[in-house]
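# Coordinates in review
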Amino acid sequence: EADIYQTPRYLVIGTGKKITLECSQTMGHDKMYWYQQDPGMELHLIHYSYGVNSTEKGDLSSESTVSRIRTEHFPLTLESARPSHTSQYLCASSVPRTGFNEKLFFGSGTQLSVL
Amino acid sequence: ILNVEQSPQSLHVQEGDSTNFTCSFPSSNFYALHWYRWETAKSPEALFVMTLNGDEKKKGRISATLNTKEGYSYLYIKGSQPEDSATYLCASIVGATNKLIFGTGTLLAVQP
């Protein structure tokens, strides 16, 4: 059973607010990821990290930022939320191996709605 | 193809039917092919990670095959049950990005 947690599960917020989506894992995984999914669309990688103090942008441009100060924690922040940020955000982690032949463990996601 | 494509987009079957769906991916620079099951209100869960041409993997009533030369993978479900209802996602490396690219998924609904 995977131990990766995301909070909140649902968030409805007004335009202009600063928000942080939390993601924590207790498996000691070095690699962590944030994916964004709009309804009917693919999961798009927006941020990833190979370990503490490592963060990289994914293949989908995002106005969000991430930090990795501790192995187990990979929060995502939007400084000023807009309606275009309305989406589902999924956090994932994996055991570090060469490339991507290790399976991902996903959190349950945060459904964000910006009014 | 430059993306990961899945078909069909959705599928409705009766309990007990066997079914299969397809994932197509670029065959150049192939590294690995992942299958995930995503049930409503739950987290996506890994089913298989496949790396070798001709790989076949099985987990209970679910199995998958891989053809890296032609760029496709099939997922088979034998004797579908209502609890198999979920979105099935596949993902692969595309080009030289070294990033996992997901398809849009196949939504399976199994009617009791």
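Just so we're clear, the structure is a prediction, and the values are computed from it rather than from any experiment. (Residues numbered from 1 in each chain as written. Chains lettered and ligands numbered in written order. Predicted model: local features only at pLDDT ≥ 70, side-chain atom pairs only at ≥ 80, totals over all residues. Heavy atoms only, no water.)

A tally of regular secondary structure across chain A gives zero helices and 11 strands. When the elements of chain A are put in sequence order from the N terminus, they spell out β-β-β-β-β-β-β-β-β-β-β. Expected size for 115 residues packed as a compact globule is a radius of gyration near 13 Å; at 13 Å, chain A falls within 12% of this value. By principal-axis analysis of the C-alpha atoms, chain A measures approximately 40 × 30 × 25 Å. The burial tally for chain A puts 48% of its 115 residues in the buried class. Summarising the internal contacts of chain A: among those between residues at least 6 apart in sequence, 54% fall at separations of at least 24. If you sum the accessible surface of chain A, you get close to 5,400 Å²; carbon and sulfur atoms cover 51% of it. Positive and negative side-chain charges of chain A, numbering 10 and 12 respectively, have mean locations separated by a distance of 3 Å. (Helix = DSSP H or I, 4+ residues; strand = E, 2+ residues; numbered from the N terminus. Rg over C-alpha atoms; globule rule 2.2 N^0.38 Å. Buried < 20%, exposed > 50% of the residue type's maximum accessible area, 1.4 Å probe, protein only. Contact = heavy atoms within 4.5 Å. Areas by Shrake-Rupley, 256 points an atom, 1.4 Å probe, with all protein chains shown as cover. Lys, Arg positive; Asp, Glu negative; His and termini not counted. Charge placed at Lys NZ, Arg CZ, Asp CG, Glu CD.)

Moving on to the sheet that holds strand 7 (residues 62-67) of chain B. All names here are of chain B. An order of 1-3-8-7-6 is seen for the five strands of this open sheet, with the pairing classed as antiparallel. Edge positions in the open sheet fall to strand 1 (5-7) and strand 6 (56-59), since each of these has one partner strand only. Each adjacent strand pair in this sheet contributes to an overall mean axis angle of 15°, direction not counted. Across three bridges, strand 1 lies against strand 3 (residues 19-24) in antiparallel orientation. Looking at the pairing, Glu 5 lines up with Ser 24 of strand 3. (Pairing = 2+ DSSP bridges. Axes fitted to C-alpha atoms, helices over the stretch in contact; angles between N-to-C directions.)

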